[in-house]
Amino acid sequence: MTQETIVRADRSAPPTSVGVRRGLFRRDPWRKPRILAAITWGYLAWSLLPLVIAIAISFNSSRSNSLLHGFSLQWWWSDPTESLWHDPELHAALFQSLRLSLFTVAIAVPLGVAFALGIDRWHSRPAKGFNFLMLLSFVLPEIVLGISLFLVFQHLLTFVRLGTTAQILGLVTYQLAYPVIIVRARLLTIGREYEEAASDLGAPPRQSIRRVLLPLLYPAIFASAAIVFADSLDDFVTVRYLSGPATSEPLSVKIYNFTRAEPTPAVNAAATFLLVTTTIAVVLGYLAYRHATRGQRTGGVSEFANV
Amino acid sequence: MPEPSAAPSRRSARRAHRAGSSEGVHYPRWFWPSFSLPAILWLLVLFVLPFYTVISIAFGTVDPIFRSPLPVYQPWYWSTEQFGETLGKVFGIFSPVYIHTFQYVFIASAICLVLGYAIAYYVARYGGKRKALLLALLISPFWISYLMRMLAWINLLENDGYVNKFLMFLNVVDRPVGWLEGRPSTVILGLVYGYIPYMILPLFGFLDRIDVSLLESGRDLGGSPFSTFFRVTLPLSKPGILAGTIIVTLPMFGDYFTNNLLSGSPRTTMIGNLIDEAYSTTGQGPEMASYVLILMALLIVPMLYYLRSTARTAAGR
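Residues numbered from 1 in each chain as written. Chains lettered and ligands numbered in written order. Predicted model: local features only at pLDDT ≥ 70, side-chain atom pairs only at ≥ 80, totals over all residues.

1. A few points about the overall build of chain B
Part 1: Summing up its helical and strand segments, chain B has 14 helices and 2 strands in all.
Part 2: In terms of overall dimensions, chain B is more spread out than a globule: its C-alpha atoms have a radius of gyration of 26 Å, far above the 20 Å expected for 317 residues.
Part 3: Each principal axis of the C-alpha atoms in chain B carries an extent, and together these give about 90 × 70 × 35 Å.
Part 4: The burial tally for chain B puts 42% of its 317 residues in the buried class. (Helix = DSSP H or I, 4+ residues; strand = E, 2+ residues; numbered from the N terminus. Rg over C-alpha atoms; globule rule 2.2 N^0.38 Å. Buried ≥ 20, exposed ≤ 12 C-beta atoms within 10 Å, placed from the backbone.)

2. Section: the overall build of chain A
Part 1: Within chain A one finds 14 helices and 0 strands.
Part 2: Walking chain A from its N terminus toward its C terminus, one meets helices and strands in the order α-α-α-α-α-α-α-α-α-α-α-α-α-α.
Part 3: Looking at chain A as a whole, 45% of its 307 residues qualify as buried.
Part 4: Across chain A, contacts joining residues at least 24 apart in sequence account for 72% of those joining residues at least 6 apart. (Contact = placed C-beta atoms within 7 Å.)

3. Considerations on unusual backbone geometry
Residue and element names in this part refer to chain B.
Part 1: The backbone of Asn171 shows a phi angle near 60°, a positive value even though the residue is not glycine.
Part 2: Relative to the helices and strands, Asn171 is located in the loop between helix H7 (162-169) and helix H8 (184-209).
Part 3: A count of 7 C-beta atoms within 10 Å places Asn171 in the exposed class.

4. A few points about the interface of chain B and chain A
Part 1: Each partner contributes to the interface: chain B provides 84 residues, whereas chain A provides 81 residues.
Part 2: The element that contributes the greatest number of residues to the side of chain B that touches chain A is helix H2 (residues 31-58) of chain B, accounting for 18 residues.
Part 3: Classifying every residue of the side of chain B that touches chain A gives 62 nonpolar, 15 polar and 7 charged. (Nonpolar A, V, L, I, M, F, W, Y, C, P; charged D, E, K, R; others polar.)

5. What to know about the environment of Ala92 of chain A
Part 1: Here Ala92 of chain A shows up in helix H4 (residues 88-121).
Part 2: Sequence separation between Ala92 of chain A and Glu249 of chain A is 157 residues, and the spatial gap between their C-alpha atoms is 8.7 Å.

6. Re the domain arrangement of chain A
Residue and element names in this part refer to chain A.
Part 1: Domains assigned within chain A are domain 1 (34-72) and domain 2 (84-306).
Part 2: Its C-alpha centre places domain 1 at a distance of 29 Å from the equivalent point of domain 2.
Part 3: At the junction of the two partners, domain 1 supplies 7 residues and domain 2 supplies 7 residues.
Part 4: Taken together, the residues that form the side of domain 1 that touches domain 2 break down as 3 nonpolar, 3 polar and 1 charged. (Domains from an automatic or database assignment.)

7. Describing helix H6 (residues 146-157) of chain B
Residues and elements named next belong to chain B.
Part 1: An ideal rise of 1.5 Å per residue puts 16 Å on 12 residues; H6 measures up with 17 Å between its terminal C-alpha atoms.
Part 2: For H6, the tally of buried residues reaches 12 of 12 residues, placing the bulk of the element in the interior.
Part 3: Those residues of H6 that fall on the buried side of the exposure criterion are Tyr146, Leu147, Met148, Arg149, Met150, Leu151, Ala152, Trp153, Ile154, Asn155, Leu156 and Leu157. (Expected span 1.5 Å × (residues − 1).)

8. Side note on helix H4 (residues 95-126) of chain B
Three- or four-residue spacings in an α-helix give side chains the same orientation, since the helix completes a turn every 3.6 residues.
Part 1: When the terminal C-alpha atoms of H4 of chain B are compared, their 46 Å separation across 32 residues agrees well with the 46 Å that a helix rising 1.5 Å per residue should span.
Part 2: After H4 of chain B finishes, the residue Gly128 of chain B shows a positive phi value of roughly 55°.

9. What about the packing of H4 of chain A against helix H7 (residues 164-175) of chain A?
All names here are of chain A.
Part 1: For the pair H4 and H7, interaxial distance at closest approach is 9 Å and the crossing angle is 50°. It follows from the interaxial angle that H4 and H7 lie oblique. Here the hand of the crossing between H4 and H7 comes out right-handed. Each of Leu100, Phe103, Thr104, Ile107 and Ala108 in H4 lies in contact with H7, whose residues at this interface are Gln167, Ile168, Leu171, Val172 and Gln175.
Part 2: Taken together, the residues of the contact of H4 with H7 break down into 7 nonpolar, 3 polar and no charged. (Axes fitted to C-alpha atoms, helices over the stretch in contact; angles between N-to-C directions. Parallel < 35°, antiparallel > 145°, perpendicular 65-115°, else oblique. Left-handed = near helix turned anticlockwise from the far one by under 90°.)

10. Thoughts on the nonpolar core
Part 1: Membership of the largest hydrophobic core comes to 161 residues, with the highest contact counts inside it found for Ile147, Ala270 and Ala271 of chain A together with Met148, Leu151, Ile275 and Val292 of chain B.
Part 2: Structurally, this core is a two-domain feature, drawing no fewer than three residues from each of domain 1 (34-72) and domain 2 (84-306) of chain A.
Part 3: Discounting chain neighbours no more than four positions away, the residues touching Ala271 of chain A are Ala54 and Ile255 of chain A together with Ser145, Leu147, Met148 and Leu151 of chain B. (Core = buried A, V, L, I, M, F, W, Y, C linked by C-beta atoms within 7 Å.)

11. Let's talk about the environment of Leu189 of chain B
Part 1: Within the secondary structure, Leu189 of chain B is located in helix H8.
Part 2: Counting along the chain gives 97 residues from Leu189 of chain B to Pro286 of chain B, while the straight-line C-alpha distance between them is 33 Å.

12. Concerning the confidence of the model for chain B
All names here are of chain B.
Part 1: Taken over all residues, the pLDDT of chain B has a mean of 85, while the share at 70 or more is 90%.
Part 2: The low-confidence segment residues 1-24 (pLDDT under 50) makes 5 contacts with residues lying over four places distant or belonging to another chain.
Part 3: Across the interfaces of the predicted complex, the ipTM metric reaches 0.86, alongside a pTM of 0.85. (pLDDT = per-residue confidence, 0-100.)

13. Digging into the confidence of the model for chain A
All names here are of chain A.
Part 1: Across chain A, pLDDT averages 84, with 86% of residues at or above 70.
Part 2: Taken element by element, the predicted model of chain A shows its lowest mean pLDDT in helix H1 (residues 3-12) (40) and its highest in H7 (95).
Part 3: Predicted confidence is poor over residues 1-25, with pLDDT under 50, and the contacts of this stretch with residues over four places away or in other chains come to 9 contacts.
Part 4: Across residues 302-307 the pLDDT falls below 50, and counting only partners more than four positions away or on other chains, this stretch makes 12 contacts in the model.

If you want it as structure tokens, here you go:
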């Protein structure tokens, strides 16, 4: 068969003729991809099973953090000195974690949303430059940012003492790009028409932002709040470099330190606590996102994943 | 003369268009920039300035008694003494660290790419009704703490852990293997486990966008499954491969915790560990700053490439 006849045959054939032409193929192209399926499901098992075991170990009834001996709540609650709740160090760290994450969300999300809005409408060379700077802070290995901030607080901005303040400043810097990226993606989807309609109908700028644009941005705001909260709760690189006294170390840093020393299942309990909290945050964020975009065409999970 | 008259009118039309679309109907000039201002100031003070401090310390001097760094903020007074000393170590006693960091990162990202591609391809092409569930499972590691995920492997790889139990049960080994005693293979496992989700997502994004009719026509035109894959699917997913590879290697180069948690032995020290150890040791400020600069120098090209390519895809959308 020459090239010519293939092209002609293809042009005249309706798309449904694919099935008829199947005989030409050496193998059935629509067969089940068993190897790929095995890799995918095998990967998921490999990726999630260790976590299930680690969670199970947090309920261990012995000191071992490698072998399960039975169920107990001693590492979560009952042990009067070593459980997550009663070990003074872990107990304090738990609240420090929540404090850092909440303040980071409260600062980073408004800052990032405003930045994204401004950059989106302020078409100019500096706007592009600042946006670039923002994205650079996002792809930089975290250790670079953590060490830079540590050094600046040590030598130049010495009025910021290492500890909670420095940690929040660092976390906000590291997390700022999330709301920016998410809000800019959302601005791209909603377009300018609603706002233009609002101002055509006589709304002054402030009102068209507050009553038209902001409600349209709610999904992006919820999604970024959830992601920033979860990510700052899990952060331990920036936070560790910027922690001052041991009381300012959040749970993530304690887990890191304990794991390197002599971990008990209480460390697993602490890690499980973080996992549950971040999962709740992400699920709530997703539900709020779904609620705010109800009636709009969205990609569901995949869009939430891509932001 | 038609030309001079055409040019101004086109320019004024463009100006009118710009005024209409970018400044809304009656937003003042300063209106939108003022929204960005707080975050811009934040970035300048807490991102640009810290980085400048790093440079000032790397090219600064050291207190002769306390060995504490004395940053020099004026570029005309910079000295390369401290930086040069560190650079000498990088090419001297610490060159193995750099070499095996590159080895680990290369092997780990290659595994991430091959495995991630297969998984992303399966979910994008054959996910069907289960696509949302599969995707949710694949992105779950994003909000599960990295520490939790490393901790899980530490539990498993312990001398009396389940991995050794399993291998002994299968008679693969007769004694527990010391997985956590400074083995490169364990560090690479940790890196793959830690960063592969970041590879799968961009790959999935690009593979999911490929129109199935393109593959069908590839097959209709007589291509074998292999040639269709190599001549249609692979070229179309190239941006995803590049994005995924960069986004996976960047944090691997700065990683010190995977190594610290899963090995802790100087045999597997990576670039990130040099920085982290300098942080924990007093009197190594300039050394630490120099390591950070060297790391940035290594990564700046892939970072810029990644940012440019994502900007282009965003603009193309």
